[in-house]
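# Analysis of the macromolecular model
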Amino acid sequence: MAAVVDIDALSAQLGVNWSEVNLDSIQLPPGNNFGIESDDEAVYHDDQSEFDTGFGNIIVVDHLPVVPKEKFEKLEGVLKKIYNQLGVIKENGLWMPVDPDTKMTLGYCFIEFNTPQETELDCLTMVVYILRVCFNVWGSLQEAQNAKEKSHGYKLDKTHIFAVNMFDDFDRLMNVREEWEPPQARPYVPGENLQKWLTDEKARDQLVIRSGPDTEVYWNDARQKKPEPVHKRPYWTESYVQWSPLGTYLVTLHKQGAAVWGGADTFTRLMRYQHSMVKLVDFSPGERYLVTYHSQEPSNPRDASKVEIKVFDVRTGRMMRDFKGSADEFSIGGPGGVAGASWPVFRWAGGKDDKYFAKLSKNTISVYETETFSLIDKKSMKVDNVVDICWSPTDSILSLFVPEQGGGNQPAKVALVQIPSKVELRQKNLFSVSDCKMYWQSSGEYLAVKVDRYTKTKKSTYSGFELFRIKERDIPIEVLELDNKNDKIIAFAWEPKGHRFAVIHGDQPRPDVSFYSMKTAQNTGRVSKLATLKAKQANALFWSPTGKYIILAGLKGFNGQLEFFNVDELETMATAEHFMATDIEWDPTGRYVATAVTSVHEMENGFTIWSFNGNLVYRILKDHFFQLAWRPRPPSFLTAEKEEEIAKNLKKYSKKYEAEDQDVSLLLSEQDREKRRALKEEWEKWVMQWKSLHEEEKLERQDLRDGEVSDVEEDEYEAKEVEFEDLIDVTEEIVQESM
Amino acid sequence: MTMECVNPEGLRLDARQLCMHISCMLNLAQIQNSSHQTLETRMTPILMKGHERPLTFLRYNRDGDLLFSCAKDHTPTLWLAHNGERLGTYRGHNGAVSCCDVSRDSSRLITGSADQTAKLWDVKSGKQLFTFNFGSSARSVDFSVGDHLAVITTDHFMGVSSAIHVKRIAEDPQDQVGDSVLVLQSPDGKKKINRAVWGPLNQTIVSGGEDTVIRIWDTETGKLLKQSDVEVGHKEAITSLCKAADDSHFLTGSHDKTAKLWDMRSLTLIKSYTTVVPVNAVAMSPLLNHVVLGGGQDASAVTTTDHRAGKFEAKFYDTILEEEIGGVKGHFGPINALAFNPDGKSFSSGGEDGYVRLHHFDSNYFNIKI
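Residues numbered from 1 in each chain as written. Chains lettered and ligands numbered in written order. Predicted model: local features only at pLDDT ≥ 70, side-chain atom pairs only at ≥ 80, totals over all residues. Heavy atoms only, no water.

### So, the overall build of chain A
Scanning chain A for helices and strands turns up eight helices and 41 strands. Within chain A, the proportion of its 739 residues that are buried is 42%. For chain A, restricting intrachain contacts to residue pairs at least 6 apart in sequence, the fraction spanning at least 24 positions comes to 46%. Here chain A displays about 43600 Å² of accessible surface, and carbon together with sulfur accounts for 51% of that area. (Helix = DSSP H or I, 4+ residues; strand = E, 2+ residues; numbered from the N terminus. Buried < 20%, exposed > 50% of the residue type's maximum accessible area, 1.4 Å probe, protein only. Contact = heavy atoms within 4.5 Å. Areas by Shrake-Rupley, 256 points an atom, 1.4 Å probe, with all protein chains shown as cover.)

Below is the structure:
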């Protein structure tokens, strides 16, 4: 008991609140594990019998002036003055040896650093030991290190330039050989081919799924009408998995941090990123950096939660920068003061060079650049009341939205800002606005801003669009209103790489879907409507990644209605249903699309693969199905001209594949026939066996039935089949299929 | 056989009122080919409403002209198997009736009930002939070859562990006694034995229940001869067991969403059928290589309003290829009982919704090719 009281008293004295100490978050200094063995094999491996000599807080200062006894105290005073600035010297911690013969100093001294508490903290329990380790010894080691680094090369005068070393380093330095040995060149070990999956002979795509404890990667083998397993691992991740934007890495989340996986044949761990209790991760678009996020709920619910974000270099695993603070600093703060940080906190500028990332917080936009990982121009942009920012997917242009203020006296504003110059390229003031949503087209050519405006009575809102043409001179803005401007807008989506967009508008349960184009043949400079499809059971839009095709999906409330639509021809290719579907994801090539029922429902969990035109390819059921993600592909190296040429001569190329397809389907049906034949034969064998046994037992059975002769019905009766037809009545009814 | 069954205690309502022949109600059942070919058969089911509580068991007599149904209400009911006309009820049980069996000559009926009894009835008159009393619910009943023996399983209750009883059935009801010839105890007495049936030549008894294991017992010695392999066997409670007409093989359905076909003598697993919902009932076509699985989400777990969500379908599978052929929808609730007419040309299903649906196959059914 006494020990416990001691600890409590001590921690109170030190101002340590045990309830706030998260033991998981205590990080031991690098290279020192204080005897706590790590179960991590890599760390374990590096641990080459390093032990604490107890002299870690001593430094040796060389190149001091050699002084006689009279000046000893003066020099000591000078040294104390210098080193007291850098750390606290232990009492009697400065020792300058003196030559016993000449009484002259020897030109060096030892300095032992400490922190004042340490002396009070001896002989306590293990818990306190940890405290001590964490707060004090570590502190004094730090101080010694710090002092060494800061004072090394300190010029006392022209001839006396300090040479400072850690006392512990002396053994090592003494052992350095006199003669220089050329370092042995290590044989070149080729790294993993991270792009191997792209060279698949059948040009298939990969997808990762999580169900139950398992995470599995599959090839989508549409020809075989089934997925082909690549890699499976139970408990691969502790929360979810995510592909990097170009598909090179698969990131998994663990208690200790994040890890990325990839490689030629199977998935090997390529790098780990230490961040305890990481919750969310995000890659930069060029997948050079990984952002990890962790937030800790405060013990007092009124406090904001603590947020820690780290940015790592993906390939080297080095932490480039970390950000810590309360959640308020990473969000704009909702109206009620309750708002968590919205992920991703850091939004990366478009393009592959990963140059800038931006953070939105109250009244400020902080834009960082990745060369130094500091703010551009060393300061954030002040934009009062900004609520949303959005990068162009290709250029370093930031669009931002500031809502109305002062009860409408100050209009709302949408602006485009060039980074890093911070020049406003274009801005538009908007009146009586309730909300704005910004949608960039994937190649950064257009920006659509959906504007919700109040009606005159302010009781309801109606929506319209402001369309920015980014690539044209002066960035012209066009206003688009729907035919019926009171229609509610349910979904909006740009055609990837295209100039068209689709809108679901109108009232549930049967809204309309309209398609618009930013440049038709007749009208290059103006937006024009292509078509409106009336009364569709849809509430979400999924364009194919190559454009042209779109799935109008009725998720959730609509039970998973799917309509595969060709926007070039403006015709429906197929309608289908994946009952209760919750997610839809196109493969990166736009050839196949997966619809999934994840474990938000308990039933029918699993996924279905469809071809782009709505043919069901195969269906897989998995209980507790959590996630499905296609492995992204990096952009094609083919130039636009080359692609066009291929498209023109498609017939020539497709021959080869058609032949392959046919081979496979022949093979499949051959295999199938073979399998069926084998099954039939096996079954026949069973039946034969049963029949003969049945025959053998006939007499015994007869006995059991008191002599009743036969088991066979046909012998007892004479069967006559008499058929007659009677037409009584014919009625025709048209039956409306109830929805 | 000729049918002149009149139940003296039976309701004197017009049979037509009881049997809702609903072909006019556009309630069409369909067998749809799962591979989306346009092979569709439209069968008009006969909807038989005679029970007020969920169905538990269905049984055709050997001739296939009578259908016996058991439900959680207390009265087993007899129907004409070709048009669904109700012939009468068997009154006397005081609890849910879980199972029944009819003798080969269609003269005797045995029923097992939660009122802790199994009763013998005269099929024709509806009279109770004998009552077997137990200390707990009777779960399943089965007549042996020759109808001189019956196997009855009982649940565990108040310290009584679940057991399999073998009773001798006397030729003359006057001579009937209640003593058990043989009592078999399941290794885990706290788990229900949902079904026990006779093996070939009455030499064995095959049982399956909540402990997921199928056991074959010797009826001479009472010894356990075989039990199903844990690896290949069911993973969750076995709900139903149906044997082939020649006692050579049998089919088990389980909550683990599979049905498995076994050799009755060697207990070799021959086939396995996987579906998406727990299986409550199984049946094998005597005519074609088809098996039917019925089931659905547990009634207590049905929270969605859409009936499609529950998958209350009778699913047809090809026996040999283990592939799904199609499904028959219609029940609003899980399917608890399935039975094939011995001629293989019709089948009936009983649901949690209290209905028996009688389906006569049309010619398309017999031409299904997969």
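### Concerning the packing of aromatic side chains
For the structure on display, the rule yields 45 aromatic pairs over all chains. For the pair A:Phe492 and A:Phe501, a centre-to-centre distance of 5.1 Å together with 35° between the ring planes defines the contact as tilted. Among the aromatic residues, those joined into a ring-pair cluster are A:Tyr289, A:Phe323, A:Phe346, A:Trp348, A:Phe357, A:Tyr368 and A:Phe373. The ring of A:Trp197 has A:Arg631 lying over it, and the distance from NZ or CZ to the ring centre is 3.8 Å. One Lys or Arg, B:Lys49, reaches over the ring of B:Tyr355 and ends 5.2 Å from the middle of that ring. (Phe/Tyr/Trp six-rings, centres within 6.5 Å; stacked < 30°, edge-to-face > 60°. Lys NZ or Arg CZ within 6 Å of the ring centre and 35° of its normal.)

### Regarding the pattern of salt bridges
Residues and elements named next belong to chain A. The final tally for this structure, using the stated rule, is 42 salt bridges over all chains. For lysine 536, the salt bridge is made with glutamate 563, and the minimal N-O distance between the two is 3.0 Å. Here the residue lysine 536 occupies a position in the loop between β32 (528-533) and β33 (540-543), and glutamate 563 occupies one in strand β35 (residues 561-566), the gap between them amounting to 27 residues. Here glutamate 563 falls in the buried class, since its relative accessible area comes to 9%. We note a salt bridge from glutamate 681 to arginine 677, for which the minimum N-O separation is 2.8 Å. Linking glutamate 681 with arginine 677, this pair stays in helix α7 (residues 650-696), spanning four residues, or about one helical turn. The network of salt bridges with common partners includes Asp200, Lys202, Arg204, Asp221 and Glu228. (Salt bridge = Lys/Arg side-chain N within 4 Å of Asp/Glu carboxyl O.)

### Regarding the sheet that holds strand β28 (residues 324-328) of chain B
Residue and element names in this part refer to chain B. Within the open sheet, the four strands sit side by side as β25-β26-β27-β28. Their pairing is antiparallel. Each having just a single partner strand, β25 (279-284) and β28 make up the two edges of the open sheet. Taken over all neighbouring pairs, the strand axes of this sheet differ in orientation by 25° on average, direction set aside. Where strand β27 (residues 314-318) lies against β28, four bridges are found, and the strand directions are antiparallel. If you follow lysine 315 over to β28, its bridge partner there is glycine 327. (Pairing = 2+ DSSP bridges. Axes fitted to C-alpha atoms, helices over the stretch in contact; angles between N-to-C directions.)

### Considerations on the state of the cysteines
Taken as a whole, this structure holds zero disulfides over all chains when the rule is applied. Left unpaired, B:Cys70 is separated from the closest cysteine sulfur, that of B:Cys100, by 3.5 Å. (Disulfide = S-S within 2.5 Å.)

### Details of the nonpolar core
One finds B:Phe68, B:Leu109, B:Ile110, B:Val123, B:Phe132 and B:Ile152 to be the most contacted residues of the largest nonpolar core, which totals 26 residues. Looking at this core, the elements that each hand over two or more residues are β6 (66-71), β7 (77-80), β9 (97-102), β10 (108-113), β11 (117-122), β13 (138-143) and β14 (149-154) of chain B. A total of four residues in this core trace back to one element, the largest contributor, which is β9(B). Setting aside its immediate chain neighbours within four residues, B:Ile152 contacts B:Ile110, B:Ala118, B:Phe132, B:Phe134, B:Ala138, B:Ser140, B:Val141, B:Ala163, B:Ile164, B:His165 and B:Lys167. By size, the runner-up hydrophobic cluster in this structure holds 21 residues, among which are A:Leu75, A:Leu79, A:Met96 and A:Val164. (Core = buried A, V, L, I, M, F, W, Y, C linked by side-chain atoms within 4.5 Å.)

### Observations regarding the confidence of the model for chain A
Residue and element names in this part refer to chain A. In the predicted model, chain A carries a mean pLDDT of 81, and the fraction of residues at 70 or more is 85%. Within chain A, strand β37 (residues 583-586) carries the highest mean pLDDT (94), whereas helix α2 (residues 41-46) carries the lowest (44). Across residues 1-5, confidence stays below pLDDT 50; counting only partners more than four residues off in sequence or on other chains, it has one contact. Scored below 50 in pLDDT, residues 38-50 makes eight contacts in the model with residues more than four places away or belonging to other chains. (pLDDT = per-residue confidence, 0-100.)

### With respect to the sheet that holds strand β5 (residues 206-211) of chain A
Residue and element names in this part refer to chain A. Taking strand neighbours across the sheet as the criterion, the four strands line up as β7-β6-β5-β41 in an open arrangement whose pairing is antiparallel. The strands lining the two open edges of the sheet, one partner per strand, are β7 (226-234) and β41 (625-630). Averaged over all adjacent pairs, the angle separating strand axes in this sheet is 20°, with direction ignored.

### Considering the interface of chain B and chain A
Each side of the interface is counted separately: chain B has 35 residues, and chain A has 31 residues. Taking both partners together, chain B and chain A bury about 3000 Å²; carbon and sulfur atoms supply 55% of that area. It is B:Arg104, B:Leu201 and B:Ile320 in chain B that bury the most area against chain A; as a group they hold 20% of the surface buried on that side. At the boundary of chain B with chain A, the tally comes to three salt bridges. Measuring nitrogen to oxygen at the nearest pair gives 3.1 Å for the salt bridge that ties B:Arg265 to A:Glu697. (Buried area = accessible area lost by both parts, 1.4 Å probe.)

### Side note on α7(A)
Here α7(A) contains 47 residues, and its C-alpha end-to-end distance of 68 Å stays within 8% of the 69 Å for a straight helix at 1.5 Å per residue. The sharpest bend along α7(A) reaches about 25° and sits at A:Lys656. Listing the buried residues of α7(A) in full gives A:Val664, A:Leu679, A:Trp683, A:Trp686, A:Trp690, A:Leu693 and A:His694. Among the structural elements, α8 (698-704) of chain A together with β22 (249-254), β23 (258-263) and β24 (269-274) of chain B are those in contact with the buried residues of α7(A). (Expected span 1.5 Å × (residues − 1). Bend = angle between axes of the 7 residues up to and from the residue.)

### A look at the pairing of strand β31 (residues 355-360) of chain B
On a regular strand, one side chain projects to one face of the sheet and the next to the other, so that they alternate. Residue and element names in this part refer to chain B. Where strand β4 (residues 46-49) lies against β31, four bridges are found, and the strand directions are antiparallel. Residue pairing for β31: leucine 47 is matched across the bridge by arginine 357. Pairing of strand β30 (residues 346-351) with β31, which is carried by five bridges, proceeds in the antiparallel orientation. In the sheet register, phenylalanine 347 faces β31, and the bridge partner there is histidine 359. What sits between the antiparallel neighbours β30 and β31 is a turn of three residues, in which glycine 354 has the positive phi angle 90°.

### Notes on a negative patch on the surface
Together, A:Glu700, A:Asp703, A:Asp706, B:Asp105, B:Glu171, B:Asp172 and B:Asp175 line one region of the surface with negative charge. Residue placement: B:Asp175 occurs in the loop between β15 (163-168) and β16 (180-185). Note on B:Asp175: relative accessible area 53%, which makes it exposed. (Patch = residues over 30% accessible without salt bridge, like charges linked within 9 Å, V, L, I, M, F, W, Y side chains within 5 Å. Lys, Arg positive; Asp, Glu negative; His and termini not counted. Charge placed at Lys NZ, Arg CZ, Asp CG, Glu CD.)

### Quick look at the confidence of the model for chain B
All names here are of chain B. The pLDDT averaged across chain B works out to 83; a share of 85% of its residues lies at or above 70. Predicted confidence is poor over residues 1-39, with pLDDT under 50, and the contacts of this stretch with residues over four places away or in other chains come to 87 contacts. In the predicted complex, the global pTM is 0.64; the interface-specific ipTM is 0.81.

### Examining the environment of A:Asn165
Turning to its location among the elements, A:Asn165 is positioned in strand β4 (residues 163-166). Apart from the residues within four sequence positions on either side, A:Asn165 is in contact with A:Ile59, A:Val60, A:Lys148, A:Phe170 and A:Leu173.

### Digging into the environment of B:Arg168
Residues and elements named next belong to chain B. Position of arginine 168 relative to the elements: it lies in strand β15. Residue arginine 168 is classed as partly exposed on the basis of its relative accessible area of 49%. Distance in space between the C-alpha atoms of arginine 168 and leucine 182 is 9.6 Å, their sequence separation being 14 residues. With sequence-adjacent residues up to four places away left out, arginine 168 is seen in contact with His148, Leu149, Gln176, Val177 and Val181.

### Looking at empty space enclosed by the protein
All names here are of chain B. Summed over all chains, the structure comprises five cavities of 30 Å³ or more. Forming the walls of the largest cavity are Ile164, Ser186, Lys192, Ile193, Ser207, Gly208, Gly209, Glu210, Asp211, Val213, Arg215 and Trp217. If you list the elements that add at least two residues to the lining of the largest cavity, you get β18 (204-208) and β19 (214-218). Tallied by class, residues from the lining of the largest cavity come to four nonpolar, four polar and four charged. The space that makes up the second largest cavity amounts to roughly 50 Å³. Lining the second largest cavity we find 10 residues, and of these Thr275, Val277, Leu293, Glu313 and Lys315 sit closest to its centre. Take the lining of the second largest cavity: its biggest share by element is three residues, from strand β26 (residues 290-295). For the lining of the second largest cavity, a count of residues per class yields four nonpolar, three polar and three charged. (1 Å grid on protein atoms, 1.4 Å probe; cavity = no way out; pocket = protein on both sides within 12 Å on 5 of 7 lines; lining within 4 Å. Points joined across faces, edges and corners; volume = space filled by probe spheres on them. Nonpolar A, V, L, I, M, F, W, Y, C, P; charged D, E, K, R; others polar.)

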